[in-house]
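What follows is each chain in one-letter form.
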Amino acid sequence: MLDWELTDRLIFAGPSSKDFANTLARRLSLPLLSVTVKEFSDTETRFKIEEDVRGTSILLVQSTYPPVDRNYMQFFLAAHHLSQEGARVHAVIPYMGYARQDKQFMHGEVVSLGVISHLLRSCGVVRVTTVDIHSAEGLALFAMPTYSVSAIPSLAQYIKKNLKLSSPVVISPDFGSSKRTEAFATLYGAEHLQFAKERDRVTGDVTIDAGELNVKGRDIVVVDDMISTGGTILAAAEKLRKAQAARIVVGCIHPLLVGDAYERLIEAGVDEIIGTNTVPSRVSKVDATEPLASYLRTVAE
Ligand code: R5P
């Protein structure tokens, strides 16, 4: 039994996710909260929300791709204000920055995702929904109900329908991505292979062990949760080119594509990169608002 009365459900389109939030609002037939945003030249942000939000439930949609800290800060400013004004704030964070630092890999490291969870809570967030969090283990760091929706079925469907690959082999570039990639391969109806990756924790350099690789003349789909610098995919593509694979397609959920990662991947022989719109980019072809909306219809706040 709730000790308050819910009168409305609204969507707050955070500055990093305007298009995404608009599409989500259309899918859920929910109105957008009217917000004035001013971004100052020193990069500070001012929000002005004149509507009365008391008793409403607000889906605050803000993806935290780079600049990660700024996008989080905007989230915190808005969430704190809305919860202080009497709204229930449900964080919808399509790409969750800092999710890779969900434990101490080396002595003395800050568990950044734990800090994010703490900050969300102190800003009054009562529920969190994200898309394909880096690792399910990270969900345990949140004190409020937190769920990661998977856009893998949408990615598999898009690639199958639009790329017309000939009996492709689906590759996991590392163990961390194997569950996701296996799900992709099953949905696609394709063979699945697993590479082993090692990342030097100090330099960040990636080496990949592809084992005995028999993919000569075969089309390939490498599937990962995100492409950041492109180092992981570059190392995988090198093995695949050496093994004389045919087309190399990369499917990822979060196409961060930092700096010239896209150009470097294409130069290295990747034929196509397909990502979702959790991060806006030139490869964001798959609409992750669809699985997200299906899940959000099932939660009442
Ligand atoms: C790592 O475990 C992730 O799943 C990705 O493989 C990785 O974060 C991608 O980063 P980058 O593109 O910089 O190699």
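Calculation notes
- Residues numbered from 1 in each chain as written.
- Predicted model: local features only at pLDDT ≥ 70, side-chain atom pairs only at ≥ 80, totals over all residues.
- Heavy atoms only, no water.
- Pairing = 2+ DSSP bridges.
- Helix = DSSP H or I, 4+ residues; strand = E, 2+ residues; numbered from the N terminus.
- Axes fitted to C-alpha atoms, helices over the stretch in contact; angles between N-to-C directions.
- Contact = heavy atoms within 4.5 Å.
- Domains from an automatic or database assignment.
- Buried area = accessible area lost by both parts, 1.4 Å probe.
- Salt bridge = Lys/Arg side-chain N within 4 Å of Asp/Glu carboxyl O.
- Polar contact = N/O pair within 3.5 Å; in protein donor to acceptor, adjacent residues only side chain to side chain.
- Nonpolar A, V, L, I, M, F, W, Y, C, P; charged D, E, K, R; others polar.
- Patch = residues over 30% accessible without salt bridge, like charges linked within 9 Å, V, L, I, M, F, W, Y side chains within 5 Å.
- Areas by Shrake-Rupley, 256 points an atom, 1.4 Å probe, with all protein chains shown as cover.
- Buried < 20%, exposed > 50% of the residue type's maximum accessible area, 1.4 Å probe, protein only.
- Lys, Arg positive; Asp, Glu negative; His and termini not counted.
- Charge placed at Lys NZ, Arg CZ, Asp CG, Glu CD.

1. Concerning the pairing of strand β2 (residues 36-39)
On any regular strand, side chains alternate: one points to one face of the sheet, the next to the other face. Both β2 and strand β3 (residues 45-48) contribute to a ladder of four bridges, which runs antiparallel. Its bridge partner being in β3, Thr36 is matched across the sheet by Lys48. Counting the residues in the hairpin turn of β2 and β3 gives five residues, including Thr43, whose phi is positive at 80°.

2. Quick word on the sheet that holds strand β13 (residues 248-255)
A sheet is described by the order of its strands in space; here six strands give the open sequence β9-β8-β12-β13-β14-β15, paired in parallel fashion. In this open sheet, the two strands that pair with only one neighbour each are β9 (191-194) and β15 (284-286). Neighbouring strand axes in the sheet, compared pairwise and without regard to direction, differ in orientation by 35° on average. Where helix α6 (residues 231-242) meets the sheet, its contacts fall on β8 (169-172), β12 (220-227) and β13, and the angle it forms with β12 comes to roughly 170°.

3. Thoughts on the domain arrangement of the chain
By domain assignment, the chain separates into domain 1 (8-150 + 288-296) and domain 2 (152-277). The interface is formed by 16 residues belonging to domain 1 together with 13 residues belonging to domain 2. At the boundary of domain 1 with domain 2, total buried surface from both sides reaches about 1300 Å², with 55% on carbon and sulfur atoms. Applying the counting criterion to the domain 1 and domain 2 interface returns one salt bridge. In this structure, the salt-bridge partner of Asp132 is Arg180, at a minimum N-O distance of 3.4 Å. Seen at the junction of domain 1 and domain 2, the total is eight residue pairs in polar contact (both at pLDDT 80 or more). Per-class residue counts for the side of domain 1 that touches domain 2 are 11 nonpolar, three polar and two charged.

4. Some points on a nonpolar patch on the surface
A contiguous nonpolar surface patch, about 280 Å² in accessible area, is contributed by Phe105, Met106 and Val202. Along the polypeptide, Met106 turns up in the loop between β5 (88-93) and α3 (112-122). Judged by its relative accessible area of 34%, Met106 falls in the partly exposed class.

5. Digging into unusual backbone geometry
Residue Pro67 is bonded to the preceding Pro66 through a cis peptide linkage, with omega at 0°. By secondary structure assignment, the location of Pro67 is in the loop between β4 (56-61) and α2 (68-84). Even without being glycine, Tyr98 reaches a positive phi, approximately 70°. Within the fold, Tyr98 resides in the loop between β5 and α3. We classify Tyr98 as partly exposed; its relative accessible area is 34%. Of note, Lys164 is a non-glycine position whose phi angle comes to about 45°, a positive value.

6. A short note on the environment of Ala21
For Ala21, the location among the structural elements is in helix α1 (residues 18-28). Residue contacts for Ala21: discarding those within four places in its chain leaves Ile11, Ala13, Leu32 and Val61.

7. With respect to the pattern of salt bridges
Two side chains bearing opposite charge may form a pair once their charged atoms approach each other closely. In the structure shown here, the tally under the stated rule is 11 salt bridges. Here Arg70 makes a salt bridge to Glu39, at a shortest N to O gap of 3.0 Å. Remark: Glu39 occurs in strand β2 and Arg70 occurs in helix α2; sequence separation between them is 31 residues. Since its relative accessible area comes to 26%, Arg70 is described here as partly exposed.

8. Considerations on the side chain of Asp224
Topologically, Asp224 is positioned in strand β12. One buried charge, Asp224, has no salt-bridge partner; the nearest side chain with opposite charge is Lys197, at 5.1 Å.

9. Describing a negative patch on the surface
Where like charges cluster on the molecular surface, the negative patch consists of Asp8, Glu51, Asp52 and Glu85. Locating Glu85 in the fold gives a position in the loop between α2 and β5. When its relative accessible area of 37% is taken as the criterion, Glu85 is described as partly exposed.

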